[in-house]
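Observations on the model geometry
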Amino acid sequence: MLEVRDLSKKFGGLEVSRGVSLDVAPGERRVLLGPNGAGKTTLFNLIAGTLKPDCGTIRLDGSDITGMTVNQRARRGLARSFQKNNLFEGLSVRDNLALAVATGEGRTGSLLACAHDSAATLTQLAEIAAQVGLSAHLDWPVAHCSYGVRRQLEIGLALATRPRLLLLDEPTSGIGPEGVAAFNALIASLPRHLAMIIIEHDLDLAFSIADRISVLSEGVVVFEGTPETTRHSRQVRELYLGAFDD
Ligand SMILES: Nc1ncnc2c1ncn2[C@@H]1O[C@H](COP(=O)(O)OP(=O)(O)OP(=O)(O)O)[C@@H](O)[C@H]1O
């Protein structure tokens, strides 16, 4: 469903993406690994449309989306959840989800009251809350939510646009071992037709959730394979010296 071809991006003299190519199949869970500064977030920015590549193409379901805006890409089924919190702190979990669902329905000018008016919005809101494990937290003010709940909510907001491809940038950063286990279960419970690309530093989690893994280093995809072949790759081991358990 996603075909990335020869994407390159420079910041001044620094070549951060150097001819990256990547194919993601419908429903595939792809994990992006790579050392700090390898260009993973830059690749996400290029795919999501917040950065324009210097050259290369991005196709989604056969259509060239390289020149499209973030919103145009979102309407074609691409969603992204951010590494940094992107929530309305003063609102409840329910209101954050309601606004995201209303926006996903194209009712961008709606007031919060209108977001709660539509039965379809409320049904979708309840579905998403259940999917991300937040049904019992709907009335909590976001400002009082734990970091883990916020991360669940961020994924919920991304699901509100009914994506077919979801980009998750370090979804487990800062949530501790229990949070990582909960995230693993959450990913496993999401509809299987939803494709995902996930930047993840936790190798055990990466091996557990990925169908395939791509490894970036210095702006280039240096390895691609199944979790099993990645785990046994000498090249990948050298990049992550000492980080693999045998
Ligand atoms: N807007 C920018 N302007 C200049 N340099 C940038 C910009 N964005 C990223 N870089 C640089 O590009 C390189 C790759 O950054 P990027 O964030 O894509 O790496 P990453 O693999 O996601 O790293 P991390 O795992 O630490 O998040 C880094 O050297 C970074 O400093």
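Look up a bit, the structure's there.
Every chain's residues receive numbers from 1 upward, in the order its sequence appears when written. Since the coordinates come from a predicted model, pLDDT governs what is reported: local features require at least 70, and pairs of side-chain atoms require 80 or more to be given and counted, while whole-chain, interface and lining totals use all residues.

Brief notes about the site of the ligand
Note the cut-off: In this analysis, residues qualify as near a molecule or strand once their C-beta atom, positioned from backbone atoms, comes within 6 Å of it. Think of it this way: any DSSP run of H or I at least four residues long counts as a helix, any run of E at least two long counts as a strand, and we number them from the N terminus. Each residue is assigned to one class: nonpolar for Ala, Val, Leu, Ile, Met, Phe, Trp, Tyr, Cys and Pro, charged for Asp, Glu, Lys and Arg, and polar for all the others, Gly among them.
Neighbouring the ligand are the residues Phe11, Leu14, Val16, Gly34, Asn36, Gly37, Ala38, Gly39, Lys40, Thr41 and Thr42. Breaking the shell around the ligand down by element, the ones donating at least two residues are β2 (14-24) and α1 (40-48). Across the shell around the ligand, the residue classes tally to four nonpolar, six polar and one charged.

Thoughts on the sheet that holds strand β1 (residues 2-11)
Two orientations exist for strands paired in a sheet by backbone hydrogen bonds: parallel and antiparallel. Just so we agree on the cut-off: At least two bridges found by DSSP between two strands is the condition for calling them paired.
With antiparallel pairing, four strands are arranged side by side in an open sheet as β2-β1-β4-β5. At either end of the open sheet lies a strand with only one pairing partner, and these are β2 and β5 (63-64).

Brief notes about the nonpolar core
For clarity, the threshold we go by: In plain words, the nonpolar core is the set of buried Ala, Val, Leu, Ile, Met, Phe, Trp, Tyr and Cys residues that C-beta atoms within 7 Å link up. Whether a residue is buried, exposed or partly exposed follows from its count of other C-beta atoms within 10 Å of its own C-beta, namely 20 or more, 12 or fewer, or something in between, respectively; the C-beta atoms are built from the backbone. For the domain bounds, the source is a domain assignment made automatically or taken from a database. Two residues qualify as being in contact provided that their C-beta atoms, derived from the backbone, are within 7 Å of each other.
One finds Val31, Leu97, Leu166 and Ile198 to be the most contacted residues of the largest nonpolar core, which totals 58 residues. It is helix α3 (residues 93-104) that contributes the most residues to this core, seven residues altogether. Two domains each provide a minimum of three residues to this core, namely domain 1 (2-77 + 163-239) and domain 2 (91-150). Not counting the four nearest positions on each side in its chain, Ile198 is found in contact with Arg29, Val31, Leu32, Leu168, Pro171 and Ile209.

With respect to the packing of α3 against helix α6 (residues 147-159)
For clarity, the cut-off: Fitted lines through C-alpha atoms serve as axes, helices being fitted only where they are in contact, and the angles separating the N-to-C directions of these axes extend from 0 to 180 degrees. For classification, angles of less than 35 degrees are called roughly parallel, those exceeding 145 degrees roughly antiparallel, those between 65 and 115 degrees roughly perpendicular, and all remaining angles oblique. Two helices crossing with the near one rotated counterclockwise from the far one by less than a right angle form a left-handed crossing, whereas a clockwise rotation gives a right-handed crossing.
Running from N to C, α3 and α6 cross one another at 25°; their axes reach a closest spacing of 8 Å. When the axis of α3 is compared with that of α6, the two are roughly parallel. Along this stretch, α3 crosses α6, giving a crossing that reads as right-handed. From α3, Val93, Asn96, Leu97 and Ala100 reach across to α6, where they touch Leu153, Gly156 and Leu157.

Description of the sheet that holds strand β10 (residues 220-225)
The sheet built from six strands is open, its strands ordered β6-β7-β8-β3-β9-β10 with mixed pairing. At either end of the open sheet lies a strand with only one pairing partner, and these are β6 (78-81) and β10. Between one strand axis and the next, the sheet turns through 20° on average, direction left out of account. Of the strand pairs in this sheet, strand β7 (residues 165-169) and strand β8 (residues 195-199) are connected by five bridges, and their pairing is parallel. Opposite Leu166, over in β8, you have Met196 as the bridge partner. The strands touched by α1 within the sheet are β3 (29-33), β6, β7, β8 and β9 (212-217), with β7 carrying the most contacts at an inclination of about 150°. Contacting β6 and β7, α6 crosses the sheet at an angle of about 165° to β6.

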